[in-house]
Amino acid sequence: MSVRVSFVIVSHSEALARGVCELAAQMAPDVRFEAAGGTDDGRIGTSYDLVETAVEAALKAVDGEGSGVIVLTDLGSATMTVESVIDMSDEPERVRFVDTCLVEGAVASSVRAQLGESLSQVAEVAASLAPRLEAPPSQVAHEEGVPVIVGTAEGAPASPMRASGSAVVADPVGLHARPAAAFVRLAGTFDAEITVNGADGCSVLDLMALGIRQGQTVLIEATGADATAAVAALTDMLEGTN
């Protein structure tokens, strides 16, 4: 599936905006990134014109159902500029500002854009990286003694296929940055939920957080129709046999 989402990175610093674009592009090479940093004359600040030009270029880079642009910012005044640009856009429904962590949000969500996911799906991933001040609902439920129901109703289909396997990581940098992004891209091609040492196999940040180094063994587990094929392909990738 072709890429349907592009990105605009808005920062008070031109260097910061370009740097975030450069980093995210390493993880998602087919995704379009536009940097809108600094003022028109190169000072620290934001520019309506630069943001507007970046958004227009990003919109032209994608088309089709579910396509659009994710806009990420660094600080509050940049957010106000972005909101003004979206309000004046000819296609505001295709431009989504997401208030989230700039670097983490750009990296994690752009990898999902690389997989061909829709604007809403990619925006949801970016939003999930926003700082949380309150406990998740599940935690609150446990703390308040609310019962958590698990399992399936009577007559529900049998559990999906499961598969697991161990792999020795061959990449010199371990399961970090680009190798993690490559893993997520490959994992996304299978109809299966995948974990690596218990971490979400479709999250670049979760995989990087494992701190896996070259030569370490990881456990890949998958649940779903493509579970067996997914474990085999991902094992081959990590061990460098593909």
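Residues numbered from 1 in each chain as written. Predicted model: local features only at pLDDT ≥ 70, side-chain atom pairs only at ≥ 80, totals over all residues. Heavy atoms only, no water.

So, about the confidence of the model for the chain. Confidence in the prediction for the chain averages 87 pLDDT; 87% of positions are at 70 or higher. Least confident of the elements in the chain is helix H6 (residues 137-143), whose mean pLDDT is 47; most confident is strand S1 (residues 5-11), at 98. Confidence drops under a pLDDT of 50 for residues 139-159, and excluding neighbours within four residues, the segment shows three contacts in the predicted structure. (pLDDT = per-residue confidence, 0-100. Helix = DSSP H or I, 4+ residues; strand = E, 2+ residues; numbered from the N terminus. Contact = heavy atoms within 4.5 Å.)

Across its 14 residues, helix H1 (residues 14-27) extends 21 Å between first and last C-alpha, which sits within 8% of the 20 Å expected from 1.5 Å per residue. Two or three places before Ala 15, at the start of H1, stands the capping residue Ser 13, its side-chain oxygen 3.3 Å from that residue's backbone nitrogen. (Expected span 1.5 Å × (residues − 1). Polar contact = N/O pair within 3.5 Å; in protein donor to acceptor, adjacent residues only side chain to side chain.)

Here we take up the sheet that holds S1. The sheet built from four strands is open, its strands ordered S2-S1-S3-S4 with parallel pairing. Since the sheet does not close on itself, it has two edges, and those belong to strand S2 (33-37) and strand S4 (95-97), each with one partner. The average angle at which neighbouring strand axes cross in this sheet is 20°, direction not considered. Sheet topology places S1 next to strand S3 (residues 68-73); six bridges connect them, and they run parallel. Bridging across to S3, Val 10 finds its partner in Thr 73. Seen against the sheet, helix H5 (residues 119-127) touches S1, S3 and S4 and runs at an angle of roughly 15° to S3. (Pairing = 2+ DSSP bridges. Axes fitted to C-alpha atoms, helices over the stretch in contact; angles between N-to-C directions.)

Another point: the packing of helix H2 (residues 48-60) against helix H3 (residues 76-88). It is the contact of H2 with H3, at a shortest axis distance of 9 Å, that shows an interaxial angle of 55°. Relative to H3, the element H2 is oriented oblique. Judged by the twist between their axes, the crossing of H2 over H3 is right-handed. Along the contact surface, H2 presents Tyr 48, Val 51, Glu 52 and Val 55, while H3 presents Thr 81, Val 82, Ser 84, Val 85 and Met 88. When grouped by side-chain class, the residues that make up the contact of H2 with H3 number six nonpolar, two polar and one charged. (Parallel < 35°, antiparallel > 145°, perpendicular 65-115°, else oblique. Left-handed = near helix turned anticlockwise from the far one by under 90°. Nonpolar A, V, L, I, M, F, W, Y, C, P; charged D, E, K, R; others polar.)

The terminal C-alpha atoms of helix H9 (residues 227-238), which comprises twelve residues, lie 16 Å apart, in line with the 16 Å expected from a rise of 1.5 Å per residue. Residues of H9 that are buried include every one of Ala 227, Ala 230, Val 231, Ala 233, Leu 234, Thr 235 and Leu 238, and no others. Against the buried residues of H9 lie strand S5 (162-168), helix H7 (178-187), strand S6 (193-196) and strand S8 (217-223). After H9 finishes, the residue Gly 240 shows a positive phi value of roughly 75°. (Buried < 20%, exposed > 50% of the residue type's maximum accessible area, 1.4 Å probe, protein only.)

Let's shift gears to the packing of H1 against helix H4 (residues 102-114). Packed helix pairs are specified by the crossing angle of their axes together with the interaxial distance, meaning the distance between the axes. Look at H1 against H4: their axes get within 9 Å of each other, and the N-to-C directions meet at 30°. Compared by their axis directions, H1 and H4 come out roughly parallel. Our pair here, H1 against H4, has a crossing hand that is right-handed. Listed contacts from H4 to Val 20, Leu 23, Ala 24 and Met 27 of H1 are Leu 102, Val 103, Ala 106, Val 107, Ser 110 and Val 111. Grouping the constituent residues of the contact of H1 with H4 by class yields nine nonpolar, one polar and no charged.

Time to look at the pattern of salt bridges. Going through the model one piece at a time under the given rule, you end up with five salt bridges. Salt-bridge contacts for Glu 14 lead to Arg 18; the nearest nitrogen and oxygen are separated by 3.3 Å. Pair noted here: Glu 14 and Arg 18 are both in helix H1, with a separation of four residues, about one helical turn. (Salt bridge = Lys/Arg side-chain N within 4 Å of Asp/Glu carboxyl O.)

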